[in-house]
Amino acid sequence: MDTNIVITGATGVVGRRVLRELVAGGHRVAGVVRSPRGRRLVESLGARAVAADVFDQASLTSAFTGAGAVVNLLTHIPSLDRMASPGAWDENDRLRREASAAIAGAAQAGGARRLVQESLAFLYADGGDRWLDEDAPVDPGGPTATALTAEANAAALFGGDTVVLRFGLFIGPDSDLTRSDIENARAGISPSLGARDAYRPTVWLDDAAAAVIAALGVPAGTYNVADADAPTRAEIDAALAAAVGRDTLVPALDEVPPELEPVARSQRVSSRRLRVASGWAPRVRGGIDGWERIAEWSRAA
(Lines give C-alpha, C1' and ligand atoms only; values in the text may rest on other atoms or scores of the structure.)
Protein backbone atom coordinates (compact mmCIF):
# COMPACT_ATOMS: atom_id res chain seq x y z
CA MET A 1 0.00 0.00 0.00
CA ASP A 2 1.25 3.50 -0.85
CA THR A 3 2.00 5.57 2.22
CA ASN A 4 1.46 8.98 0.60
CA ILE A 5 -2.26 9.33 -0.13
CA VAL A 6 -4.40 12.30 -1.18
CA ILE A 7 -8.17 12.22 -0.79
CA THR A 8 -10.85 14.34 -2.45
CA GLY A 9 -14.13 14.33 -0.57
CA ALA A 10 -12.08 14.04 2.62
CA THR A 11 -14.58 16.00 4.72
CA GLY A 12 -17.53 13.75 3.85
CA VAL A 13 -18.92 11.01 6.06
CA VAL A 14 -16.70 8.33 4.48
CA GLY A 15 -13.71 10.58 3.84
CA ARG A 16 -13.43 11.63 7.47
CA ARG A 17 -13.29 8.00 8.55
CA VAL A 18 -10.70 7.10 5.92
CA LEU A 19 -8.49 10.03 6.96
CA ARG A 20 -8.65 9.08 10.62
CA GLU A 21 -7.82 5.42 10.01
CA LEU A 22 -4.97 6.13 7.60
CA VAL A 23 -3.41 8.63 9.99
CA ALA A 24 -3.72 6.10 12.81
CA GLY A 25 -1.99 3.56 10.58
CA GLY A 26 1.03 5.81 10.12
CA HIS A 27 0.38 6.86 6.53
CA ARG A 28 1.10 10.29 5.10
CA VAL A 29 -2.33 11.51 4.07
CA ALA A 30 -3.74 14.78 2.80
CA GLY A 31 -7.29 15.94 2.24
CA VAL A 32 -8.23 18.33 -0.56
CA VAL A 33 -10.23 21.25 0.87
CA ARG A 34 -12.05 24.28 -0.50
CA SER A 35 -12.85 26.23 2.67
CA PRO A 36 -11.33 27.22 6.03
CA ARG A 37 -13.87 24.94 7.72
CA GLY A 38 -12.70 21.99 5.63
CA ARG A 39 -9.09 22.78 6.45
CA ARG A 40 -9.83 22.82 10.17
CA LEU A 41 -11.65 19.51 9.98
CA VAL A 42 -8.89 17.76 8.02
CA GLU A 43 -6.17 19.09 10.30
CA SER A 44 -8.16 18.11 13.41
CA LEU A 45 -7.98 14.52 12.18
CA GLY A 46 -4.19 14.70 11.98
CA ALA A 47 -3.94 14.94 8.20
CA ARG A 48 -2.48 17.63 5.99
CA ALA A 49 -4.96 19.95 4.24
CA VAL A 50 -4.25 21.05 0.68
CA ALA A 51 -6.36 23.65 -1.12
CA ALA A 52 -7.49 22.90 -4.67
CA ASP A 53 -10.43 23.39 -7.00
CA VAL A 54 -11.81 19.93 -7.76
CA PHE A 55 -12.93 21.12 -11.21
CA ASP A 56 -9.50 22.53 -12.12
CA GLN A 57 -6.97 19.95 -13.26
CA ALA A 58 -3.98 22.27 -12.88
CA SER A 59 -4.61 22.98 -9.20
CA LEU A 60 -5.32 19.30 -8.56
CA THR A 61 -2.08 18.28 -10.28
CA SER A 62 -0.19 20.46 -7.83
CA ALA A 63 -2.08 18.86 -4.93
CA PHE A 64 -1.43 15.33 -6.20
CA THR A 65 2.25 15.64 -7.17
CA GLY A 66 4.26 13.18 -5.11
CA ALA A 67 1.25 11.11 -4.06
CA GLY A 68 1.37 7.39 -4.56
CA ALA A 69 -2.42 7.07 -4.49
CA VAL A 70 -5.38 9.37 -5.06
CA VAL A 71 -8.81 8.53 -3.62
CA ASN A 72 -11.87 10.30 -5.04
CA LEU A 73 -14.82 10.21 -2.62
CA LEU A 74 -16.60 13.33 -3.87
CA THR A 75 -20.39 13.18 -3.75
CA HIS A 76 -23.31 15.46 -3.01
CA ILE A 77 -26.55 13.59 -2.30
CA PRO A 78 -29.68 15.77 -1.97
CA SER A 79 -31.94 15.46 1.04
CA LEU A 80 -34.67 12.83 0.94
CA ASP A 81 -37.45 15.37 0.45
CA ARG A 82 -35.68 16.88 -2.59
CA MET A 83 -34.54 13.76 -4.43
CA ALA A 84 -37.37 13.83 -6.97
CA SER A 85 -37.23 17.61 -7.44
CA PRO A 86 -35.94 19.18 -10.69
CA GLY A 87 -32.25 20.02 -10.43
CA ALA A 88 -31.76 18.22 -7.10
CA TRP A 89 -28.98 16.04 -8.50
CA ASP A 90 -27.25 18.68 -10.63
CA GLU A 91 -24.31 19.29 -8.28
CA ASN A 92 -23.76 15.58 -7.73
CA ASP A 93 -23.88 14.97 -11.48
CA ARG A 94 -21.33 17.71 -12.11
CA LEU A 95 -18.96 16.19 -9.55
CA ARG A 96 -19.24 12.83 -11.28
CA ARG A 97 -18.91 14.17 -14.82
CA GLU A 98 -16.43 17.02 -14.51
CA ALA A 99 -14.57 16.64 -11.23
CA SER A 100 -13.91 12.93 -11.80
CA ALA A 101 -12.29 13.77 -15.15
CA ALA A 102 -10.15 16.53 -13.63
CA ILE A 103 -9.09 14.24 -10.77
CA ALA A 104 -8.18 11.33 -13.03
CA GLY A 105 -6.17 13.59 -15.35
CA ALA A 106 -4.43 15.28 -12.44
CA ALA A 107 -3.60 11.96 -10.78
CA GLN A 108 -1.97 10.88 -14.03
CA ALA A 109 -0.08 14.17 -14.43
CA GLY A 110 1.00 14.16 -10.78
CA GLY A 111 2.57 10.72 -11.08
CA ALA A 112 0.21 8.73 -8.83
CA ARG A 113 0.35 4.97 -9.19
CA ARG A 114 -3.21 4.25 -8.07
CA LEU A 115 -6.61 5.93 -8.34
CA VAL A 116 -9.59 4.81 -6.27
CA GLN A 117 -12.92 6.04 -7.63
CA GLU A 118 -16.18 5.93 -5.66
CA SER A 119 -19.22 4.57 -7.51
CA LEU A 120 -22.62 2.98 -6.83
CA ALA A 121 -24.07 -0.51 -6.53
CA PHE A 122 -27.38 0.97 -7.75
CA LEU A 123 -26.04 0.81 -11.32
CA TYR A 124 -27.06 -2.83 -11.67
CA ALA A 125 -30.18 -3.93 -13.50
CA ASP A 126 -32.92 -5.45 -11.36
CA GLY A 127 -31.72 -8.90 -10.34
CA GLY A 128 -34.71 -10.25 -8.44
CA ASP A 129 -33.36 -12.66 -5.83
CA ARG A 130 -30.14 -13.42 -7.75
CA TRP A 131 -26.76 -12.41 -6.34
CA LEU A 132 -25.18 -9.65 -8.43
CA ASP A 133 -21.40 -9.61 -8.78
CA GLU A 134 -19.30 -7.04 -10.63
CA ASP A 135 -19.97 -8.75 -13.98
CA ALA A 136 -23.76 -8.45 -13.66
CA PRO A 137 -25.48 -6.26 -16.29
CA VAL A 138 -25.67 -2.56 -15.48
CA ASP A 139 -28.60 -0.35 -16.41
CA PRO A 140 -27.75 3.20 -15.34
CA GLY A 141 -30.50 5.77 -15.22
CA GLY A 142 -31.72 8.78 -13.28
CA PRO A 143 -29.31 9.79 -10.52
CA THR A 144 -27.10 6.74 -11.08
CA ALA A 145 -26.15 7.40 -14.70
CA THR A 146 -23.28 9.78 -13.99
CA ALA A 147 -21.64 7.27 -11.64
CA LEU A 148 -20.87 5.21 -14.74
CA THR A 149 -19.42 8.36 -16.32
CA ALA A 150 -17.09 8.76 -13.33
CA GLU A 151 -16.00 5.14 -13.67
CA ALA A 152 -15.28 5.66 -17.38
CA ASN A 153 -13.30 8.84 -16.69
CA ALA A 154 -11.14 7.05 -14.12
CA ALA A 155 -10.42 4.21 -16.54
CA ALA A 156 -9.77 6.38 -19.61
CA LEU A 157 -7.88 9.34 -18.14
CA PHE A 158 -5.64 7.66 -15.56
CA GLY A 159 -2.79 5.46 -16.70
CA GLY A 160 -2.01 3.65 -13.46
CA ASP A 161 -3.91 1.07 -11.46
CA THR A 162 -7.57 2.05 -11.17
CA VAL A 163 -9.92 0.65 -8.52
CA VAL A 164 -13.64 1.37 -8.70
CA LEU A 165 -15.72 0.80 -5.56
CA ARG A 166 -19.45 0.33 -6.11
CA PHE A 167 -20.97 1.15 -2.73
CA GLY A 168 -24.36 0.24 -1.35
CA LEU A 169 -26.42 2.82 0.50
CA PHE A 170 -24.37 4.42 3.26
CA ILE A 171 -25.88 4.04 6.73
CA GLY A 172 -24.52 5.67 9.87
CA PRO A 173 -25.40 8.10 12.65
CA ASP A 174 -23.74 11.12 11.01
CA SER A 175 -25.31 10.60 7.58
CA ASP A 176 -27.91 13.28 6.79
CA LEU A 177 -29.90 10.77 4.77
CA THR A 178 -29.90 8.27 7.63
CA ARG A 179 -31.04 10.94 10.07
CA SER A 180 -33.89 11.79 7.69
CA ASP A 181 -34.81 8.11 7.55
CA ILE A 182 -35.01 7.98 11.35
CA GLU A 183 -37.21 11.09 11.53
CA ASN A 184 -39.50 9.80 8.80
CA ALA A 185 -39.74 6.42 10.50
CA ARG A 186 -40.85 8.15 13.69
CA ALA A 187 -43.67 9.62 11.59
CA GLY A 188 -44.50 6.16 10.24
CA ILE A 189 -42.91 6.66 6.82
CA SER A 190 -40.71 4.02 5.19
CA PRO A 191 -37.39 5.20 3.65
CA SER A 192 -37.57 2.52 0.94
CA LEU A 193 -39.02 2.66 -2.55
CA GLY A 194 -40.04 -0.40 -4.53
CA ALA A 195 -41.33 -3.87 -3.72
CA ARG A 196 -41.04 -5.00 -0.12
CA ASP A 197 -39.40 -8.31 -1.13
CA ALA A 198 -36.76 -6.50 -3.21
CA TYR A 199 -33.18 -6.44 -1.95
CA ARG A 200 -31.41 -3.18 -1.12
CA PRO A 201 -27.60 -2.93 -1.02
CA THR A 202 -26.51 -1.17 2.17
CA VAL A 203 -23.21 -0.66 3.99
CA TRP A 204 -22.34 0.79 7.41
CA LEU A 205 -20.15 3.87 7.10
CA ASP A 206 -17.25 2.44 9.12
CA ASP A 207 -17.27 -0.65 6.89
CA ALA A 208 -17.30 1.54 3.78
CA ALA A 209 -14.22 3.39 5.03
CA ALA A 210 -12.46 0.10 5.76
CA ALA A 211 -13.21 -0.95 2.17
CA VAL A 212 -11.58 2.22 0.82
CA ILE A 213 -8.42 1.43 2.79
CA ALA A 214 -8.51 -2.16 1.58
CA ALA A 215 -8.80 -0.86 -2.00
CA LEU A 216 -5.34 0.69 -1.72
CA GLY A 217 -3.82 -2.79 -1.74
CA VAL A 218 -5.99 -4.90 -4.05
CA PRO A 219 -5.47 -5.65 -7.76
CA ALA A 220 -6.89 -3.04 -10.12
CA GLY A 221 -10.53 -3.57 -11.03
CA THR A 222 -14.11 -3.00 -9.95
CA TYR A 223 -15.35 -4.13 -6.54
CA ASN A 224 -18.75 -4.09 -4.87
CA VAL A 225 -18.95 -2.84 -1.27
CA ALA A 226 -22.14 -3.92 0.49
CA ASP A 227 -23.49 -5.97 3.37
CA ALA A 228 -22.61 -9.65 3.25
CA ASP A 229 -26.28 -10.60 3.72
CA ALA A 230 -28.31 -8.12 1.69
CA PRO A 231 -31.55 -7.09 3.46
CA THR A 232 -34.93 -6.80 1.78
CA ARG A 233 -36.92 -3.61 2.06
CA ALA A 234 -39.39 -5.40 4.31
CA GLU A 235 -36.54 -6.41 6.65
CA ILE A 236 -35.23 -2.86 6.70
CA ASP A 237 -38.68 -1.46 7.44
CA ALA A 238 -39.24 -3.95 10.25
CA ALA A 239 -35.87 -3.20 11.85
CA LEU A 240 -36.31 0.54 11.52
CA ALA A 241 -39.86 0.44 12.87
CA ALA A 242 -38.71 -1.59 15.87
CA ALA A 243 -35.88 0.88 16.49
CA VAL A 244 -38.28 3.84 16.70
CA GLY A 245 -41.07 1.99 18.51
CA ARG A 246 -43.56 1.60 15.66
CA ASP A 247 -45.41 -1.48 14.44
CA THR A 248 -45.23 -0.71 10.72
CA LEU A 249 -43.99 1.87 8.23
CA VAL A 250 -45.81 3.04 5.10
CA PRO A 251 -43.96 4.06 1.88
CA ALA A 252 -44.02 7.80 1.28
CA LEU A 253 -44.93 7.36 -2.40
CA ASP A 254 -47.55 5.10 -3.98
CA GLU A 255 -45.59 5.01 -7.23
CA VAL A 256 -41.88 5.27 -7.90
CA PRO A 257 -40.97 8.40 -9.94
CA PRO A 258 -39.14 7.44 -13.15
CA GLU A 259 -36.02 9.35 -12.08
CA LEU A 260 -35.77 7.22 -8.91
CA GLU A 261 -36.46 3.85 -10.55
CA PRO A 262 -32.81 2.71 -10.32
CA VAL A 263 -32.85 2.92 -6.51
CA ALA A 264 -36.13 0.98 -6.33
CA ARG A 265 -34.76 -2.14 -8.03
CA SER A 266 -33.98 -5.44 -6.37
CA GLN A 267 -30.19 -5.55 -6.11
CA ARG A 268 -28.79 -8.41 -4.06
CA VAL A 269 -25.20 -7.27 -4.39
CA SER A 270 -22.27 -9.55 -3.62
CA SER A 271 -18.96 -8.21 -2.26
CA ARG A 272 -17.19 -11.55 -2.49
CA ARG A 273 -14.54 -10.24 -4.89
CA LEU A 274 -13.30 -7.62 -2.40
CA ARG A 275 -13.41 -10.09 0.50
CA VAL A 276 -11.30 -12.59 -1.42
CA ALA A 277 -8.85 -9.96 -2.65
CA SER A 278 -8.30 -8.19 0.66
CA GLY A 279 -9.94 -9.99 3.57
CA TRP A 280 -12.33 -7.06 4.01
CA ALA A 281 -15.70 -7.97 5.49
CA PRO A 282 -18.50 -5.80 6.90
CA ARG A 283 -18.76 -5.87 10.69
CA VAL A 284 -22.22 -4.31 10.91
CA ARG A 285 -25.25 -5.29 8.86
CA GLY A 286 -26.09 -1.72 8.02
CA GLY A 287 -29.65 -2.24 6.84
CA ILE A 288 -30.65 -4.24 9.92
CA ASP A 289 -28.28 -4.04 12.91
CA GLY A 290 -27.35 -0.45 12.15
CA TRP A 291 -30.80 1.01 12.68
CA GLU A 292 -30.91 0.24 16.39
CA ARG A 293 -27.46 1.78 16.82
CA ILE A 294 -28.64 4.88 15.00
CA ALA A 295 -31.86 5.10 16.98
CA GLU A 296 -29.88 4.86 20.23
CA TRP A 297 -27.56 7.62 19.04
CA SER A 298 -30.51 9.77 17.98
CA ARG A 299 -32.24 9.37 21.35
CA ALA A 300 -29.05 10.38 23.15
CA ALA A 301 -28.28 13.34 20.90
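As a reminder, the structure under discussion sits directly above these lines.
A.B. asks: Which parts of the structure should I look at to understand the packing of aromatic side chains?
C.D. replies: Where two aromatic rings form a pair, the distance of their centres and the angle of their planes describe that pair. Tallied over the full model, the rule gives one aromatic pair. Looking at Arg 94, its charged tip hangs above the ring of Phe 55, at a distance of 3.6 Å from the centre.

A.B. asks: So what exactly am I meant to see when it comes to the pattern of salt bridges here?
C.D. replies: Side-chain pairs of opposite charge can arise whenever the charged atoms involved come near each other. Summed over the entire model, instances satisfying the criterion amount to 15 salt bridges. Glu 134 serves as the salt-bridge partner of Arg 273, at 3.5 Å between the closest nitrogen and oxygen. A residue pair is termed long-range when its members are at least 10 positions apart, and Arg 273 in helix H9 (residues 272–278) and Glu 134 in the loop between strand S6 (131–132) and helix H5 (145–157) qualify at 139 residues. In this structure Glu 134 comes out as buried when scored by relative accessible area, which is 9%. One network of salt bridges, in which partners are shared, links Arg 16, Arg 17, Asp 174 and Asp 206.

A.B. asks: Just checking my understanding: could you explain the pairing of strand S1 (residues 4–8) for this structure?
C.D. replies: It is a general feature of regular strands that their side chains alternate between the two faces of the sheet. Summarising burial for S1: five of the five residues are buried, a large majority. Both faces of S1 are covered, namely the face carrying Asn 4, Val 6 and Thr 8 and the face carrying Ile 5 and Ile 7. Pairing of S1 with strand S2 (residues 28–33) involves four bridges; the strand directions are parallel. The residue of S2 that forms the bridge with Asn 4 is Arg 28. The parallel pair S1 and S2 is bridged by helix H1 (residues 13–24), and the resulting crossover is right-handed.

Conventions used here
Residues numbered from 1 in each chain as written. Predicted model: local features only at pLDDT ≥ 70, side-chain atom pairs only at ≥ 80, totals over all residues. Heavy atoms only, no water. Phe/Tyr/Trp six-rings, centres within 6.5 Å; stacked < 30°, edge-to-face > 60°. Lys NZ or Arg CZ within 6 Å of the ring centre and 35° of its normal. Salt bridge = Lys/Arg side-chain N within 4 Å of Asp/Glu carboxyl O. Helix = DSSP H or I, 4+ residues; strand = E, 2+ residues; numbered from the N terminus. Buried < 20%, exposed > 50% of the residue type's maximum accessible area, 1.4 Å probe, protein only. Pairing = 2+ DSSP bridges. Right-handed = clockwise from strand over helix to strand, strands pointing away.

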